[in-house]
Amino acid sequence: MFGHITAQTTTTQPGGGIDIMSILLFVMLGIFIFMMFRRNKKTQQQQATLQSQFAPGVEVMTSFGLFGRIVDIDDEENKVTLELSPGNLATVHRQAVTKIIEPAAGVPAATEVPDDASSLTAAESGNTPAAAETPEETLKRLNDEGKKDN
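Just so you know, the residues in each chain are numbered from 1, in the order the chain's sequence is written. Per-residue local features of the predicted model are confined to residues with pLDDT of at least 70, and side-chain atom pairs are confined, for both listing and counting, to 80 or more; whole-chain, interface and lining totals are unaffected and use all residues. Heavy atoms throughout the structure, all of them, feed into the side-chain values; hydrogens and water do not.

### So, the overall build of the chain
Condition: Under the DSSP-based scheme used, a helix requires at least four consecutive residues in state H or I and a strand at least two consecutive residues in state E, with every element numbered from the N terminus. For every residue, the accessible area (1.4 Å probe, protein chains only) is compared with the maximum for its type, and the residue is labelled buried under 20%, exposed over 50%, or partly exposed between those bounds. Only heavy atoms enter the contact rule, under which two residues are in contact if any of them lie within 4.5 Å. Using a 1.4 Å probe, the Shrake-Rupley method yields the accessible areas, and only the shown protein chains count as cover for residues.
A tally of regular secondary structure across the chain gives 3 helices and 5 strands. Reading the secondary structure of the chain in the N-to-C direction produces α-α-β-β-β-β-β-α. Expressed as a percentage of its 150 residues, the buried residues of the chain come to 12%. For the chain, the share of sequence-separated contacts (at least 6 apart) that also reach a separation of at least 24 residues comes to 35%. Approximately 12,900 Å² of the chain is accessible, and the part contributed by carbon and sulfur atoms is 59%.

Below, the structure written as structure tokens:
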């Protein structure tokens, strides 16, 4: 009777040892760790490239949304002094500066607005001045505008 029990416990089941699922688990874990280190290395390279472009006079944006111009860089203490507006300075950690703002190339120049209303009646806008049109010409123009179907 004991021989029959020991015979059942000593038989090995098929698939003993390392199966394919264990190998796949270790492969996936290795890929995950590789991708994590690769992403960190890429981020560090981008940060180093960005910080090498820092110089006084460069327009930047901080990680918390402040826009300003670099006034001074203290490499020893990792501090950057930003001029937010004329006369307003802020000192931030060097790593808080996350983006360099490039000046827009295709921005049109601001149009000059005159102090008086002369530009509203000027001939350069395409309209003729109201004083130069006689009442008969005005009636004719207004009547012709309604006859666009002809």
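Having seen the model, we can carry on.
### Details of the pairing of strand β3 (residues 79–85)
Counted only if it meets this: Here, any two strands with at least 2 DSSP bridges between them count as paired.
Examined bridge by bridge, strand β2 (residues 67–74) and β3 share 5 bridges and lie antiparallel to one another. Its bridge partner being in β3, Ile73 is matched across the sheet by Val80. Here β2 hands over to β3 after 4 residues, with Asn78 in that stretch at a positive phi of 55 degrees. Examined bridge by bridge, β3 and strand β4 (residues 88–93) share 6 bridges and lie antiparallel to one another.

### Some thoughts on the environment of Glu77
Note the threshold: Residues adjacent in sequence count toward polar contacts only when both atoms are side-chain atoms; beyond that, a polar contact is any pair of N or O atoms within 3.5 Å, and within protein one must be able to donate a hydrogen and the other to accept it.
Examined against the element boundaries, Glu77 turns out to sit in the loop between β2 and β3. Judged by relative accessible area, Glu77 falls into the partly exposed class, the value being 47%. Taking C-alpha positions, Glu77 is 8.4 Å from His93, a pair spaced 16 residues apart along the chain. Within the local environment of Glu77, its side chain forms a polar contact with the side chain of Lys79, the two groups lying 3.3 Å apart.

### Some points on the side chain of Gln51
Mapped onto the fold, Gln51 is located in helix α2 (residues 20–52). For Gln51, a relative accessible area of 18% puts it in the buried group.

### Focus on the confidence of the model for the chain
Basically, it comes down to this: Confidence scores labelled pLDDT are given residue by residue by the predictor and lie between 0 and 100.
Overall, the prediction assigns the chain a mean pLDDT of 78, with 68% of residues at 70 or greater. Mean pLDDT values for the elements of the chain range from 52 in helix α1 (residues 2–10) up to 92 in β4.

### A look at the UniProt feature "transmembrane region" (unreviewed entry) in the chain
Formally: UniProt positions are given in the numbering used here, feature names are shortened, and annotations may be inferred rather than shown by experiment.
Per the UniProt record, the feature "transmembrane region" (unreviewed entry) sits at residues 20–37. The distance from the first to the last C-alpha atom of residues 20–37 is 26 Å, and the span holds 100% helix and 0% strand.

### A few points about the side chain of Thr62
Along the polypeptide, Thr62 turns up in strand β1 (residues 59–62). Every residue in contact with Thr62, bar those within four places of it in the chain, is listed here: Leu82, Val92, Ala96, Val97 and Thr98.

### Considerations on the nonpolar core
Note the threshold: By nonpolar core we mean a set of buried residues, namely Ala, Val, Leu, Ile, Met, Phe, Trp, Tyr and Cys, connected to one another through side-chain atoms within 4.5 Å.
One finds Leu50, Phe54, Val58, Val60, Ile70, Val80, Leu82, Val92, Ala96, Val97 and Ile100 forming the largest nonpolar core, which totals 11 residues. Among the secondary structure elements, those contributing two or more residues to this core are β3 and β5 (97–100). In this structure, Val60 is in contact with Leu66, Phe67, Gly68, Ile70, Leu82, Val97, Lys99, Ile100 and Ile101, ignoring residues within four places of it in sequence.

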